[in-house]
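Structure assessment
For reference, the chains in residue letters:
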Amino acid sequence: MPITFARIEERRNTGNMKWDLQGPLPFGIADMDIESPPCVIDALKARVDHHFYGYAFLTDHMKEAIISYLKARHGVEAKPEWLHELPGCVPAFTLVARAICGESHGAIMTCSPVYPPMLQCHEAAGARLIDVPHVWKDGYAYFDWEAMEKAVTPDTKLFLLCNPHNPSGRCWSPEDLQRVGEFCIKHDLVLCSDEIHCDLVLEPGMKHTSALTLSPEIQQRLVMLSAPSKTFNIAGICFSYMCVPNPELKQRIEIAQGCSLPTLNVFAYAAAEAAYRQGWGWHAELLETLRANRDFVVNYITNQIPQIKVVPNQATYLAWLDCTALGVESPHKFFREKAGVYLDDGANFGDPTHVRMNFATSQDQLRQGLVALKKAVEDLRG
């Protein structure tokens, strides 16, 4: 099932955040320049043809699709009653933070660099943020266990985990996750694991380990967030879900939600079910395409722009570029102004020396962007 790349004219002037707001060469927000799988498109057309678009809900059939997917792809033995649908993972961070920290105004711990909403959701919950930066070895992120133990406080209530890691593309090992879980047990923390990139592991021989495969004791303090949106390029459809094995914890979150989030629309359910039931042939081709693009970007930067450091990301279609050697105050601003290339600002993730590059586009588009980056760096060095 071939992968179809978008033409630029198909994406411009469509109200798309990436192509209409990020300049001539956009490599920012995690939105692939790839058509969604035919099964999703067909399902949406069929739902449009129904001609009735009233209120929808998470049916038993849809729950079964998610449960079957989790079992087949990730070895998770989930139950339908663990599921709760949401319009996105971003509002879920705030929702979970309010549910866990809202009354106590306690603290939330995470490890930067990390997806920006994880560094921001404490504000809406009236909580404090404890940010324990990752340590780095050979270009890859690791948890600083000693620093985490020193930073945690008695009023810390929640640990936010990005699994796989965004922005670095690190695929956490089972041992990493087990130790995170044990840390949460020791300090009585709820563990919120964002696994939205779980089906985008690119490194051969590696696989995603869901926090839902950890011990029952850890599961009782776990909130797992996921969605088909990144995998099947349907973020604008707005379908996400949480999986919460502990019924009391799930009820706390549902009470905190109240009427603060919209119900999902009929098209969200149609697209998600089609993706989870029928999208895996397309998905296999997608992974091959993304691996080739990752290798293209890493090889080009390593050989043509050695001032920028990059290692092959194990998961996601997002490359984390270390621009420290350039000596510029903001690599994001520098490349946008001098090269016309939009890269996500590492400062928003907690590290202003880096930028994040979305390589889920055609290699022609990648080549244009990389050549522009190279020229800007050459001009900077005179």
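Going by the structure above, here's the rest.
Residues numbered from 1 in each chain as written. Predicted model: local features only at pLDDT ≥ 70, side-chain atom pairs only at ≥ 80, totals over all residues. Heavy atoms only, no water.

1. As for the sheet that holds strand S11 (residues 318-322)
Sheet strands line up and pair through hydrogen bonds in the backbone, either parallel or antiparallel. With respect to topology, 4 strands assemble into an open sheet ordered S1-S12-S13-S11, the strand pairing being mixed. The open sheet has two free edges, formed respectively by strand S1 (25-27) and S11, since each of these has just one partner strand. For this sheet the average axis-to-axis angle between neighbouring strands, irrespective of direction, equals 40°. Both S11 and strand S13 (residues 354-358) contribute to a ladder of 5 bridges, which runs antiparallel. Note that in S13 the partner of Trp320 across the bridge is Arg356. Helix H15 (residues 363-381) rests against S1, strand S12 (341-345) and S13 of the sheet, and its axis sits at about 100° to S1. (Pairing = 2+ DSSP bridges. Helix = DSSP H or I, 4+ residues; strand = E, 2+ residues; numbered from the N terminus. Axes fitted to C-alpha atoms, helices over the stretch in contact; angles between N-to-C directions. Contact = heavy atoms within 4.5 Å.)

2. Things to note about the nonpolar core
In this structure, Phe159, Phe239 and Phe335 are the most contacted members of the largest nonpolar core, which totals 93 residues. Among the elements that take part in this core, helix H13 (residues 280-304) stands out by supplying 10 residues, more than any other. For Phe239, the residues in contact, after removing those within four places along its chain, are Leu58, Met62, Ile66, Leu86, Pro87, Ala227, Pro228, Leu264, Ala268, Tyr269 and Ala272. Judged by nonpolar contacts, the second largest core, of 30 residues, contains Ala97, Ile108, Val114 and Leu119. (Core = buried A, V, L, I, M, F, W, Y, C linked by side-chain atoms within 4.5 Å. Buried < 20%, exposed > 50% of the residue type's maximum accessible area, 1.4 Å probe, protein only.)

3. Points about the sheet that holds strand S8 (residues 190-194)
Here 7 strands make up an open sheet; going across it, the order is S2-S10-S9-S8-S7-S3-S4 and the pairing mixed. With one partner strand each, in any of the chains shown, strand S2 (83-86) and strand S4 (128-131) form the two edges of the open sheet. Taking the axes of each pair of neighbouring strands and ignoring which way they run, one obtains an average angle of 20° across the sheet. Sheet analysis places S2 next to strand S10 (residues 240-243), joined by 4 bridges and oriented antiparallel. By the bridge assignment for S10, Glu85 is matched with Tyr241.

4. Some remarks on H15
Residues three or four positions apart in an α-helix share a direction because the helix packs 3.6 residues into each turn. When the terminal C-alpha atoms of H15 are compared, their 27 Å separation across 19 residues agrees well with the 27 Å that a helix rising 1.5 Å per residue should span. Just downstream of H15 lies Gly382, where phi reads positive at about 75°. (Expected span 1.5 Å × (residues − 1).)

5. Points about the side chain of His354
Among the structural elements, His354 can be located in strand S13. On the basis of relative accessible area, His354 is assigned to the buried category, the value being 10%. Setting aside chain neighbours within four positions, we find His354 in contact with Trp320, Leu321, Asp322, Asp344, Asp345 and Gly346.

6. With respect to the side chain of Asn16
As for its placement among the helices and strands, Asn16 is situated in the loop between helix H1 (8-11) and helix H2 (17-21). Within the local environment of Asn16, its side chain forms a polar contact with the side chain of Asp31, the two groups lying 2.9 Å apart. Filtering out sequence-adjacent residues up to four positions away, Asn16 remains in contact with Arg11, Leu21 and Asp31. (Polar contact = N/O pair within 3.5 Å; in protein donor to acceptor, adjacent residues only side chain to side chain.)

7. Some points on unusual backbone geometry
The phi torsion of most residues other than glycine is negative, and most of the peptide bonds are trans. Look at the link from Ser112 to Pro113: it is a cis peptide, with omega at 0°. Backbone torsion omega between Asn163 and Pro164 reads 0°, so that peptide bond is classified as cis. For Pro164, the position within the fold is in the loop between strand S7 (156-162) and helix H8 (174-186). Although it is not a glycine, Asn13 sits at a positive phi angle of roughly 60°. Within the fold, Asn13 resides in the loop between H1 and H2. A relative accessible area of 74% places Asn13 in the exposed class.

8. Thoughts on the packing of aromatic side chains
Tallying each qualifying case throughout the model produces 14 aromatic pairs. An angle of 40° between the planes, with centres 5.0 Å apart, marks the rings of Phe143 and Trp145 as tilted. The residues Phe143 and Trp145 share a single accessibility class, namely buried. Where Phe239 meets Tyr269, the ring centres are 5.8 Å apart and the plane angle is 70°; that geometry is what we call edge-to-face. Of this pair, Phe239 sits in the loop between helix H10 (229-232) and S10 while Tyr269 is found in helix H12 (residues 266-278), placing the two residues 30 residues apart along the sequence. Note on Tyr269: relative accessible area 7%, which makes it buried. Taking NZ or CZ as reference, Arg73 lies 4.0 Å from the ring centre of Trp280, over its face. For Arg170, the ring lying beneath its charged end belongs to Tyr142, and the centroid distance is 4.4 Å. (Phe/Tyr/Trp six-rings, centres within 6.5 Å; stacked < 30°, edge-to-face > 60°. Lys NZ or Arg CZ within 6 Å of the ring centre and 35° of its normal.)

9. Comments concerning the packing of helix H4 (residues 60-74) against H12
Direction vectors running N to C along H4 and H12 enclose 35°, while the axes themselves pass 9 Å from each other. Between H4 and H12 lies a crossing of left-handed hand. Along its contact with H4, which presents His61, Met62, Glu64, Ala65, Ile66 and Tyr69, the element H12 presents Tyr269, Ala272, Glu273, Tyr276 and Arg277. (Left-handed = near helix turned anticlockwise from the far one by under 90°.)

10. Points about the pairing of S12
Burial of S12 is extensive: 5 of the 5 residues sit out of reach of the surface. Across 3 bridges, S1 lies against S12 in parallel orientation. By the bridge assignment, Pro26 is partnered in S12 with Tyr342.

In short, geometric facts, not functional conclusions.
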